[in-house]
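This is what each chain is made of:
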Amino acid sequence: TLVRNRVCERILRKKSILELVEIFVYHADLKFVSPLLDFLIAYENEIRRDDAMTKEEQDAAVKLGRRIGTAVGNSSDGKRGDLFALRKSRKKIDFLEQINRLQFKLGGELVIPPDVYEGRLTDKNFDEFKQFCMIAALNSFNAATSKDKKNKEG
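It should be emphasised that the depicted structure is a prediction, and the values quoted were computed from it without experimental measurement.

Position of S140 relative to the elements: it lies in helix α8 (residues 126-153). When residues no more than four places from it in sequence are discounted, the contact partners of S140 are G65, R66, G69 and T70.

We now examine the environment of Q98. Its place among the elements puts Q98 in helix α6 (residues 92-106). Put simply, Q98 and A85 are 13 residues apart on the chain and 7.4 Å apart in space, counted from C-alpha to C-alpha. Non-local contacts of Q98, meaning those with residues more than four positions away in its chain, are made with A85 and L86.

Considering all chains together, one arrives at 7 salt bridges under this definition. One network of salt bridges, with partners in common, ties together D82, R101 and K105.

Attention now moves to the environment of R101. Mapped onto the secondary structure, R101 falls in helix α6. By relative accessible area, which is 33% here, R101 ends up partly exposed. Residues R101 and D82 lie 19 residues apart in sequence; the distance between their C-alpha atoms is 9.7 Å. Not counting residues within four places of it along the chain, the set of residues in contact with R101 comprises D82 and A85. Of the polar contacts made by the side chain of R101, one reaches the side chain of Q98; its length is 3.0 Å.

Before going further, it helps to spend a moment on the packing of helix α4 (residues 55-74) against α6. Running from amino to carboxyl end, α4 crosses α6 at an angle of 40°, the nearest separation of the two axes being 11 Å. Considering only the axes of α4 and α6, their crossing is left-handed. Along its contact with α4, which presents L64, I68, A71 and V72, the element α6 presents F95, I99, L102 and L106. Of the residues in the contact of α4 with α6, the class split is 8 nonpolar, no polar and no charged.

Once that is clear, we can look at the packing of helix α5 (residues 80-87) against α6. In the contact formed by α5 and α6, the axes pass within 9 Å of each other and the chain directions differ by 155°. Judged by the angle between their axes, α5 and α6 are roughly antiparallel. In this structure, α5 uses D82, A85 and L86 to contact α6, whose residues at the interface are F95, Q98, I99, R101, L102 and K105.

Cut-off values and rules
- Residues numbered from 1 in each chain as written.
- Predicted model: local features only at pLDDT ≥ 70, side-chain atom pairs only at ≥ 80, totals over all residues.
- Heavy atoms only, no water.
- Helix = DSSP H or I, 4+ residues; strand = E, 2+ residues; numbered from the N terminus.
- Contact = heavy atoms within 4.5 Å.
- Salt bridge = Lys/Arg side-chain N within 4 Å of Asp/Glu carboxyl O.
- Buried < 20%, exposed > 50% of the residue type's maximum accessible area, 1.4 Å probe, protein only.
- Polar contact = N/O pair within 3.5 Å; in protein donor to acceptor, adjacent residues only side chain to side chain.
- Axes fitted to C-alpha atoms, helices over the stretch in contact; angles between N-to-C directions.
- Left-handed = near helix turned anticlockwise from the far one by under 90°.
- Nonpolar A, V, L, I, M, F, W, Y, C, P; charged D, E, K, R; others polar.
- Parallel < 35°, antiparallel > 145°, perpendicular 65-115°, else oblique.

Read these as geometric descriptors, not functional statements.
See the structure below:
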């Protein structure tokens, strides 16, 4: 309830809710965050400020997150802890090193989109980029693991 109130307050003031939503989806143990991700993408585009990410940078972050989440969820070696390790990175260098580690761990299952290395991820937009990426990664991870559970049950 407290998080909901903070989110609603920021929406009414036309402030970014990205940070609150990222914290919420990782602590609430939600299984389906796709509607929340879709709302977040639309809302953040609507209130875009001059210092915020561009639409292309946002799309690159979401694409990277979806690929990471799907690869980790579909891999026999992948665990939700891999997403938490990536989420804990505080600097751009650490984030890229964690992605590199995941590439080695998952092999050919994880292909990083070229947008990431072509300048869409910068020091200036790192925090927002990582937050969009991690929400999309969790959504894709949950979708991939729920399909595996259904296949095992069926």
